[in-house]
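Tertiary structure, described
Single-letter residue listing:
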Amino acid sequence: MDILYQIRARQDSFSAGEGRIARLMLDDVGFASAASLEELALRAEVSTATLSRFARTVGCRDLRDLRLQLAQASGVGSRFLDPAGTPDQSAFYGQIVSDIESTLRQHLSAFDESRFADAVKLLGKARMIHAFGMGGCSTLCSDELQVRLVRFGYPISACHDPVMMRVTAASLGAEHAVIVCSLTGITPELLEAVALARNYGARIVAITRADSPLAQLADVLLPLQGVETSFIYKPTAARYGMLLAIDVLATELALANPEDNQERLRRIKLALDDYRGGDDHLPLGD
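Labelled according to an unreviewed UniProt entry, the chain appears under the name MurR/RpiR family transcriptional regulator, originating from Pseudomonas hormoni.

The structure is reproduced here in structure tokens:
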């Protein structure tokens with residue numbers, strides 16, 4: 001149960017005493033979750049009986065359940081609980097650009113060339129490559145892997161549906177490879193599918209945090225850095241680190257067979273020029 005939502009949704013129906021309890025809990029979730037019943041009653045200027053009635057009104061079984069729900073609510077962190085002001089527009093424009101730049105530099109300096117070389121060797125031997133990703137950025141990046149690698153002749157298919165990932169994983173063997181994209185490395189369905197693929201002998205390349213459960217399942221890890229800030233309204237800059245890892249990996253794979261891939265790219269350019277026209281420096285289907 002989302003206790004804060006339940007309190008906000010019922011504010012118009014509370015008695016005067018219950019209203020004071022509600023305002024106290026919404027204004028300071030940390031205090032409300034840690035305080036004793038006596039401290040809560042004293043701060044809200046109500047009796048313990050009113051606290052008990054409030055707990056039942058918001059859908060809790062009793063005061064103990066209310067305190068448990070408040071503790072869970074406070075666990076999301078202060079950046080999602082503190083009162084939010086309206087940021088200066090010019091300031092957050094600059095912050096977005098600054099976060100992107102710092103993320104790219106941080107990831108590039110931390111990348112280990114030997115890891116990319118190992119990934120190239122592993123993927124180059126695979127009869128088929130499957131790109132797994134769940135969630136907004138990870139889904140897009142697994143699709144991006146397919147877009148990048150198919151033009152260099154690598155057999156690759158992207159998959160995001162948890163059931164289909166499980167079906168795919170169960171069909172794999174030692175001649176297959178899986179590239180897994182995950183900013184967190186903790187999504188349960190993704191971990192289960194990767195563990196299943198590994199159980200049947202598939203080799204795993206993971207683009208994720210080094211300290212994550214997913215990283216522990218990888219044969220080759222391309223590590224991401226944690227770059228979250230307290231500004232919760234903008235998209236995470238970490239996805240630029242994942243895109244950078246994909247760009248570096250795709251370029252390494254292209255240069256593994258430069259002459260063959262130059263011919264593939266020539267054919268793609270010819271096919272696109274015939275279809276859409278355009279100058280010589282348009283992207284190849286992006």
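The subject of this paragraph is the layout of surface pockets. Volume-wise, the largest pocket comes out at about 160 Å³. Taken together, D118, K121, L122, K125, A126, A174, E175, H176, A177, R203 and V220 make up the lining of the largest pocket. Listing elements by their share of the lining of the largest pocket, those giving two or more residues are α8 (113-124) and β3 (176-181). Among the elements that line the lining of the largest pocket, the one with the most residues is α8, at 3 residues.

Here 5 strands make up an open sheet; going across it, the order is β2-β1-β3-β4-β5 and the pairing parallel. Because the sheet does not close on itself, it has two edges, and the strands there are β2 (156-159) and β5 (220-224). Within the sheet, the average angular offset between the axes of one strand and its neighbour, ignoring direction, is 15°. In this sheet, β5 lies alongside strand β4 (residues 203-209) in parallel orientation, the contact comprising 5 bridges. The residue of β5 that forms the bridge with I207 is L222.

Turning our eyes to something else, we now look at the pairing of β4. With 5 of its 7 residues buried, β4 lies for the most part within the structure. Relative to β4, β3 runs parallel, the two sharing 5 bridges. Directly across from I179, in β4, lies its bridge partner V205.

Quick look at the packing of α8 against helix α13 (residues 238-255) now. It is the contact of α8 with α13, at a shortest axis distance of 10 Å, that shows an interaxial angle of 55°. In terms of orientation, α8 and α13 fall into the oblique class. When the axes of α8 and α13 are compared, the crossing they make is right-handed. In this structure, α8 contributes E113, F116, A119, V120 and L123 to the contact, and α13 contributes A245, V248, L249, E252 and L253. Among the residues making up the contact of α8 with α13, the classes are represented as 8 nonpolar, no polar and 2 charged.

This part covers the pairing of β2. In terms of strand pairing, strand β1 (residues 128-133) meets β2 through 4 bridges, oriented parallel. Its bridge partner being in β2, A131 is matched across the sheet by A158. Handedness of the β1-helix α9 (residues 136-150)-β2 crossover: right-handed.

A separate point is the side chain of K269. Relative to the helices and strands, K269 is located in helix α14 (residues 258-276). Beyond its immediate sequence surroundings of up to four residues, K269 is in contact with D279, D280 and L284.

Let's shift gears to the state of the cysteines. Cysteine pairs can be linked by a disulfide, which is a covalent bond between their two sulfur atoms. Counting across every chain of the model gives 0 disulfides. Lacking any disulfide linkage, C137 is separated from the closest cysteine sulfur, that of C141, by 3.8 Å.

Thresholds applied
- Residues numbered from 1 in each chain as written.
- Predicted model: local features only at pLDDT ≥ 70, side-chain atom pairs only at ≥ 80, totals over all residues.
- Heavy atoms only, no water.
- 1 Å grid on protein atoms, 1.4 Å probe; cavity = no way out; pocket = protein on both sides within 12 Å on 5 of 7 lines; lining within 4 Å.
- Points joined across faces, edges and corners; volume = space filled by probe spheres on them.
- Helix = DSSP H or I, 4+ residues; strand = E, 2+ residues; numbered from the N terminus.
- Pairing = 2+ DSSP bridges.
- Axes fitted to C-alpha atoms, helices over the stretch in contact; angles between N-to-C directions.
- Buried < 20%, exposed > 50% of the residue type's maximum accessible area, 1.4 Å probe, protein only.
- Parallel < 35°, antiparallel > 145°, perpendicular 65-115°, else oblique.
- Left-handed = near helix turned anticlockwise from the far one by under 90°.
- Contact = heavy atoms within 4.5 Å.
- Nonpolar A, V, L, I, M, F, W, Y, C, P; charged D, E, K, R; others polar.
- Right-handed = clockwise from strand over helix to strand, strands pointing away.
- Disulfide = S-S within 2.5 Å.

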